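Chain by chain, the residues:
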Amino acid sequence: MEFIDARRLTGPSLLFDLPGAILDVACDANEAARLAPVWEKHVRCLLAAIGWQHCEFATVVLTGGISMGFTAPVDALYAASEINEWAWAACDAELNDGEQPDFNAAVEATRAAIADEANPELMRLCELAAENGVSVLWDDDFVSLGYGRHSQTWPVREVPDMATLDWASYQDVPSGVVTGTNGKTTTVRICAQIVRASGQNVGLSSTDYIAVNDRIVDRDDWSGPGGARNVLREKDVDVAILETARGGLLRRGLGVEKADAALITNIAKDHLGDFGSKNLDELLNCKWIVSRAVKNSGKLILNADDVRLVAKSREYPGELVWFSLDAGNETIQAHASAGGTAFVLDGEDLLLVNGDARELICRDHESPITLKGAARHNVANALGAAAFCWSLGITLGDIRTGLMSMSQDNNPGRCNVYDVNGYTVLVDFAHNPEALQALLDMANRLPSRRKALCFGQAGDRPDDLIQELARAAWESGLDRVFVSELAKYHRGREEGAVYG
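Presented here is an overview of the structure given in this document. This one's a predicted model, so the numbers in the text were calculated from it and none came from an experiment.

Definitions and limits used
- Residues numbered from 1 in each chain as written.
- Predicted model: local features only at pLDDT ≥ 70, side-chain atom pairs only at ≥ 80, totals over all residues.
- Heavy atoms only, no water.
- Phe/Tyr/Trp six-rings, centres within 6.5 Å; stacked < 30°, edge-to-face > 60°.
- Helix = DSSP H or I, 4+ residues; strand = E, 2+ residues; numbered from the N terminus.
- Buried < 20%, exposed > 50% of the residue type's maximum accessible area, 1.4 Å probe, protein only.
- Axes fitted to C-alpha atoms, helices over the stretch in contact; angles between N-to-C directions.
- Parallel < 35°, antiparallel > 145°, perpendicular 65-115°, else oblique.
- Left-handed = near helix turned anticlockwise from the far one by under 90°.
- Contact = heavy atoms within 4.5 Å.
- Patch = residues over 30% accessible without salt bridge, like charges linked within 9 Å, V, L, I, M, F, W, Y side chains within 5 Å.
- Areas by Shrake-Rupley, 256 points an atom, 1.4 Å probe, with all protein chains shown as cover.
- Salt bridge = Lys/Arg side-chain N within 4 Å of Asp/Glu carboxyl O.
- Pairing = 2+ DSSP bridges.
- Arc of directions from axis to C-beta.
- Nonpolar A, V, L, I, M, F, W, Y, C, P; charged D, E, K, R; others polar.
- Core = buried A, V, L, I, M, F, W, Y, C linked by side-chain atoms within 4.5 Å.
- Polar contact = N/O pair within 3.5 Å; in protein donor to acceptor, adjacent residues only side chain to side chain.

## Here's the deal with the packing of aromatic side chains
Counted according to the given criterion, the structure contains 8 aromatic pairs. Their ring planes at 75° and their centres at 6.4 Å tell us that Trp154 and Tyr170 sit as a pair that is edge-to-face. Here Trp154, found in strand E7 (residues 152–155), pairs with Tyr170, found in the loop between E7 and strand E8 (175–179); they are 16 residues apart in sequence, far enough to count as distant. Residue Trp154 is classed as buried on the basis of its relative accessible area of 10%. Clustering of aromatic rings is evident, with ring pairs tying together Trp39, Phe57 and Phe70.

In structure tokens:
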């Protein structure tokens, strides 16, 4: 057994819906079975000593290890993480003959950590927000009530006199989260274009930046919960679209407890090999966390062409909206026949389907981002975006306008085509075998005399996934294939290691 990490969970996670602390340990299945009850015994012992009651416990056995966690007050999550670190030391002593940690010293240290971290005003504000049905967002620096233009934010240690708060003024703007393996960033950009076509201000968090319309708030990877909070605190936001990546979901949990729409684009091979996502089933479970935000009062939008999402949907109790590149898809037909809503491609027509009713949105070649229909993956992204925005209350007319005005200039780095000295150059961020295949399929639909591919891969992918990407490139049937390497994407590997 090997300690990996002990950290805070600030939102819905693999373990539970509430904030808490998680301990990750690398071990085999037999060791996990031995470890879990010993860990819980030691944690409960320490919690009893400090007077914490009613904590919820949960464990998830993963490939190559186990995650164990317990819920904790939002103003004591650092202390809760220290409890997990102590509990691991106690487990190591009991199971592996490690050094026995001092229980009494741990109790005193934990009490001191709780006292130092305590924020009773924040706790009371969260309680009153729940009683008044108001959304609250908190972190180490700020706390806010409501979303977007109906929100108000204060420093987390300067909570106002709660008797003066006008609770009715703190409301939510429509909001949704987008996750999946491929197409997340393109999809949220299409959604942003559609929202702007409706005449509303859109707040966007993504792997590239936080933005309100054309105003860039910050350039960086903001696809975690911090990006979601930042967007939802922007006072000029009418609609919030939140890209949500695997890393943030695993490390901190989902950035919001509730949303109006959640979209999962697909589940494909990428980031496999990391703890918590060593295979496609674990990656699916990670991405599925977003469904928690909409299961009671929102819509979950899924790709009916993804067999894993179709299978997983059978256990989902909430409202589903499907999209597909195949109008004859069995899942689509059954869903529509039962009165459900779906967005599909029928020939060249993008349609909204409900029962026998079919409404044309636009034709695939009318959206510039599809390259006259050749970029089939962007047709799928357009359908997902249409379903997502419809679920946020955007009209089909505005969805149509948004799709027909969505060009490559609105989507830099993704499926961009340029004419350079008589050569057609296609640029895309394809970074896994499925994305590369989609790029190649699109390239093969474009007229040319010869085709060459220049590609690379980030160093934080496992060797077998990098090798699979290389095989897909070599087997593409192109005239030339060039392997490149960018220092920015070494990500822990030595120069030359990725393509070596």
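## Examining the packing of helix H1 (residues 29–50) against helix H2 (residues 77–96)
Angle between the axes and distance between the axes: these two values describe a pair of packed helices. It is the contact of H1 with H2, at a shortest axis distance of 9 Å, that shows an interaxial angle of 130°. With respect to H2, the element H1 is oriented oblique. In this structure, the crossing between H1 and H2 has a hand that is right-handed. Judged by residue contacts, Arg34, Leu35, Val38, Trp39, Lys41, His42, Val43, Leu46, Leu47 and Ile50 of H1 engage Ile83, Asn84, Trp86, Ala87, Trp88, Ala90, Cys91, Glu94 and Leu95 from H2.

## Some thoughts on a nonpolar patch on the surface
Among the surface-exposed residues, Tyr418, Val420, Tyr423, Val425 and Val427 lie close enough to one another that they form a single nonpolar patch of about 440 Å² accessible area. At the level of secondary structure, the elements contributing two or more residues to the nonpolar patch comprise strand E19 (416–420) and strand E20 (423–427). Ranked by residues supplied to the nonpolar patch, first place goes to E20 with 3 residues. With respect to the helices and strands, Val427 occurs in strand E20.

## Details of the pairing of E19
Where E19 lies against E20, 5 bridges are found, and the strand directions are antiparallel. Residue pairing in the sheet places Val420 in a bridge with Tyr423 of E20. Counting the residues that bridge the hairpin from E19 to E20 gives 2 residues, and of these Asn421 lies at a positive phi of roughly 50°.

## Some points on helix H12 (residues 396–404)
Within the sequence span of H12, burial applies to Leu396, Ile399, Gly402 and Leu403. The buried side chains of H12 occupy one side of the element, clustering within an arc of 120° when seen end-on. Residues of H12 that are buried in the fold lie against helix H5 (184–197), strand E16 (341–346), strand E17 (349–354), strand E18 (357–363) and helix H11 (376–391).

## Looking at the sheet that holds E18
The strands making up a sheet associate through backbone hydrogen bonding, with each pair oriented either parallel or antiparallel. Here we have 11 strands laid out as an open sheet, ordered E11-E10-E9-E12-E8-E13-E14-E15-E16-E17-E18, and mixed in their pairing. One side of each edge strand has no neighbouring strand; the edge strands of this open sheet are strand E11 (215–219) and E18. In this sheet, adjacent strand axes meet at a mean angle of 15° when their direction is disregarded. Alignment of strand E15 (residues 319–324) against E16, held across 4 bridges, turns out to be parallel. Residue Ser324 lies in a different strand from E16, and its bridge partner there is Val344. The strands that H5 touches are E8, strand E9 (202–205), strand E10 (209–212), strand E12 (239–243) and strand E13 (261–264); relative to E12, the one it contacts most, it runs at about 175°.

## Quick look at the sheet that holds strand E2 (residues 20–26)
Strand order across the open sheet formed by 4 strands is E1-E2-E4-E3, with antiparallel pairing between neighbours. The outermost strands of the open sheet, each flanked by one partner alone, are strand E1 (2–9) and strand E3 (57–62). Ignoring strand direction, the axes of neighbouring strands in this sheet form an average angle of 15°. In terms of strand pairing, E1 meets E2 through 7 bridges, oriented antiparallel. When the sheet's bridge partners are listed, Leu9 is paired in E2 with Gly20. Running over the sheet, H1 touches E2, E3 and strand E4 (65–71) and is turned about 20° from E4. Strands in contact with H2 are E1, E2 and E4; relative to E1, the strand with the most contacts, it is inclined by about 160°.

## What to know about the packing of H11 against H12
Two numbers describe how H11 lies on H12: the axes approach to 10 Å, and their chain directions differ by 145°. You can see that H11 and H12 cross each other, and the crossing is right-handed. From H11, Ala382, Ala386, Cys389 and Trp390 reach across to H12, where they touch Leu396, Ile399 and Leu403. Its residues assigned to classes, the contact of H11 with H12 shows 7 nonpolar, no polar and no charged.

## Remarks on the pattern of salt bridges
Using the criterion set out here, one finds 25 salt bridges in the structure. One salt bridge in this structure joins Asp5 and Arg7, with 3.5 Å as the shortest N-O distance. With relative accessibility at 19%, the residue Asp5 sits in the buried group. The residue Arg215 makes a salt bridge to Asp236 at a minimum N-O spacing of 3.4 Å. Of the two residues, Arg215 is situated in strand E11 and Asp236 in the loop between helix H6 (225–232) and E12; the sequence distance between them amounts to 21 residues. By relative accessible area, which is 29% here, Asp236 ends up partly exposed. Here the salt bridges share partners, and the residues they tie into one network are Asp5, Arg7, Asp24 and Arg251.

## Section: the nonpolar core
With 53 residues, the main nonpolar core has Trp39, Leu47, Trp52, Phe70, Leu145 and Trp167 as its most contacted residues. Put simply, the parts of the chain that give this core at least two residues each are E2, H1, E4, H2, helix H3 (103–117), helix H4 (120–131) and strand E6 (142–145). If one sorts the elements of this core by residue count, H2 sits on top with 10 residues. One finds Leu250, Val256, Cys286 and Trp322 within the second-largest nonpolar core, a separate group that totals 43 residues.

## Some details on the pairing of E11
Pairing geometry for E10 and E11, over 4 bridges, is antiparallel. Looking at the pairing, Ile210 lines up with Asp218 of E11.

## What about helix H8 (residues 280–287)?
With 6 of 8 residues buried, H8 lies mostly within the body of the structure. Taken as a whole, H8 has its buried residues at Leu280, Glu282, Leu283, Leu284, Cys286 and Lys287. Contacts from the buried residues of H8 go to E3, E8, H5, helix H7 (246–251), E13 and helix H9 (307–313). Of the residues that open H8, the one with a side-chain oxygen 3.1 Å from the backbone nitrogen of Asp281 is Asn279.

Purely spatial values, then, with no claim about function.
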